[in-house]
Amino acid sequence: MSAAILAADRSRTVQHAIRLVLEPAGHLVRTASTGDEAWQSVQQQPPDLVMASTSLESLNGYQLAERMRKDPALRHVPLLLLVGQSDPFDDARAFACGAVGHLETPFFSDELEQQVHEALDASSKPPEGHVHVVAAPSLSPEVEAAIRQAVEKVAWEVVPLIAETFVAEMLKRKIHE
C-alpha cells in the first residue's frame, strides 16, 4: 500500500532516514522542520499519515495532533509521534491528543516500517465500536449525510472527554502510590 506521509522533525537526518526507508516501499514522503510548517502542509494537502516529533519548535507533535483532531477535514489522519532518546514521552498526553503510536529516534528500519504499516492499516478500518449508520431506503442522501455527520460529531466530542477522565484517573493513582 503506497501512502502520502508527512515527516515532521527538526533533524534533517531523521527526515532523510524516514525517506530512505519509506520511499523505496512506494510511499511519497514530504518533510517539515517546524510544527508550523507541518500544520501548513497538512492543511494544504492532507497526507495519509503524519509523523511528528514531540520536540518540534512552534508546535510540537502533541499539539499538532490536538489541532488535527479538532479539524473535521483532518481528524481521520493518523499521527505517529517521533520521540528522541533523551526526550521524555508522555503516554497519557499521547493518548489524550489522539496519537496512534510513537517511535523512538533513532529507530531501526523494520520498526519504522511496522509502525507505519500498523498506523495506515488501522486508519483504513473503522475503529472498534464504530457506529455505522444504515439508513432506510426512504431517506434522502442529504438526510443520510446529516445523520452520519451528527454521529461523527458526537463521537469526536465524547472521545476527548473519555481521554480526560482516563488521564485524571491515572494522575489520581500516581498521587496515591
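To be clear, the structure that these remarks concern was listed above.
Attention here is on the structure that accompanies the text. Please read these numbers as outputs of a predicted model, since none were measured by experiment.

## Points about the environment of Arg 69
Its location among the elements puts Arg 69 in helix H3 (residues 61-70). Put simply, Arg 69 and Cys 97 are 28 residues apart on the chain and 7.5 Å apart in space, counted from C-alpha to C-alpha.

## With respect to the pattern of salt bridges
Close approach of charged atoms lets side chains of opposite charge pair. As enumerated under the stated definition, the model contains one salt bridge in all. Ionic pairing is found between Glu 23 and Arg 19, a salt bridge with its closest N-O pair at 3.1 Å. Note on Glu 23: relative accessible area 35%, which makes it partly exposed.

## Structural notes on helix H2 (residues 35-44)
Along H2, the residues that are buried comprise Gly 35, Ala 38, Trp 39, Ser 41 and Val 42. Burial along H2 is one-sided: seen end-on, the buried residues are contained in an arc of 165°. Those residues of H2 hidden inside the fold are in contact with strand E1 (4-8), strand E2 (28-32), strand E3 (49-53) and H3.

## Let's talk about helix H1 (residues 12-22)
An α-helical turn contains 3.6 residues, so any two residues separated by three or four positions project in the same direction. Within the span of H1, buried status applies to Val 14, Gln 15, Ile 18, Val 21 and Leu 22. Down the axis of H1, the buried side of the element spans an arc of 135°, and every buried residue falls inside it. Exposed side of H1, more than 90 degrees from the buried face: Arg 12, Thr 13 and Leu 20 are the residues found there. Where H1 begins, the capping side chain belongs to Ser 11, and its oxygen is found 3.2 Å from the backbone nitrogen of Thr 13.

## So, the nonpolar core
One finds Val 50, Ala 52, Leu 64, Met 68 and Leu 79 to be the most contacted residues of the largest nonpolar core, which totals 21 residues. Those elements that place two or more of their residues in this core are E1, H2, E3, H3, strand E4 (79-84) and helix H4 (91-97). Those residues in contact with Met 68 that sit more than four places away from it in its chain are Trp 39, Val 42, Val 50, Leu 74, Arg 75, Val 77 and Leu 79. Grouped together as the second largest cluster of nonpolar side chains are 18 residues, Ile 5, Val 14, Val 116 and Ala 119 included.

## Regarding a negative patch on the surface
A cluster of acidic residues, Glu 104, Asp 110, Glu 111 and Glu 113, forms a negative patch on the protein surface. Counting residues per element, the negative patch draws most heavily on helix H5 (residues 109-124), at three residues. Its location among the elements puts Asp 110 in helix H5. Assessed through its relative accessible area of 52%, Asp 110 is described here as exposed.

Cut-offs used in this document
- Residues numbered from 1 in each chain as written.
- Predicted model: local features only at pLDDT ≥ 70, side-chain atom pairs only at ≥ 80, totals over all residues.
- Heavy atoms only, no water.
- Helix = DSSP H or I, 4+ residues; strand = E, 2+ residues; numbered from the N terminus.
- Salt bridge = Lys/Arg side-chain N within 4 Å of Asp/Glu carboxyl O.
- Buried < 20%, exposed > 50% of the residue type's maximum accessible area, 1.4 Å probe, protein only.
- Arc of directions from axis to C-beta.
- Contact = heavy atoms within 4.5 Å.
- Polar contact = N/O pair within 3.5 Å; in protein donor to acceptor, adjacent residues only side chain to side chain.
- Core = buried A, V, L, I, M, F, W, Y, C linked by side-chain atoms within 4.5 Å.
- Patch = residues over 30% accessible without salt bridge, like charges linked within 9 Å, V, L, I, M, F, W, Y side chains within 5 Å.
- Areas by Shrake-Rupley, 256 points an atom, 1.4 Å probe, with all protein chains shown as cover.
- Lys, Arg positive; Asp, Glu negative; His and termini not counted.
- Charge placed at Lys NZ, Arg CZ, Asp CG, Glu CD.

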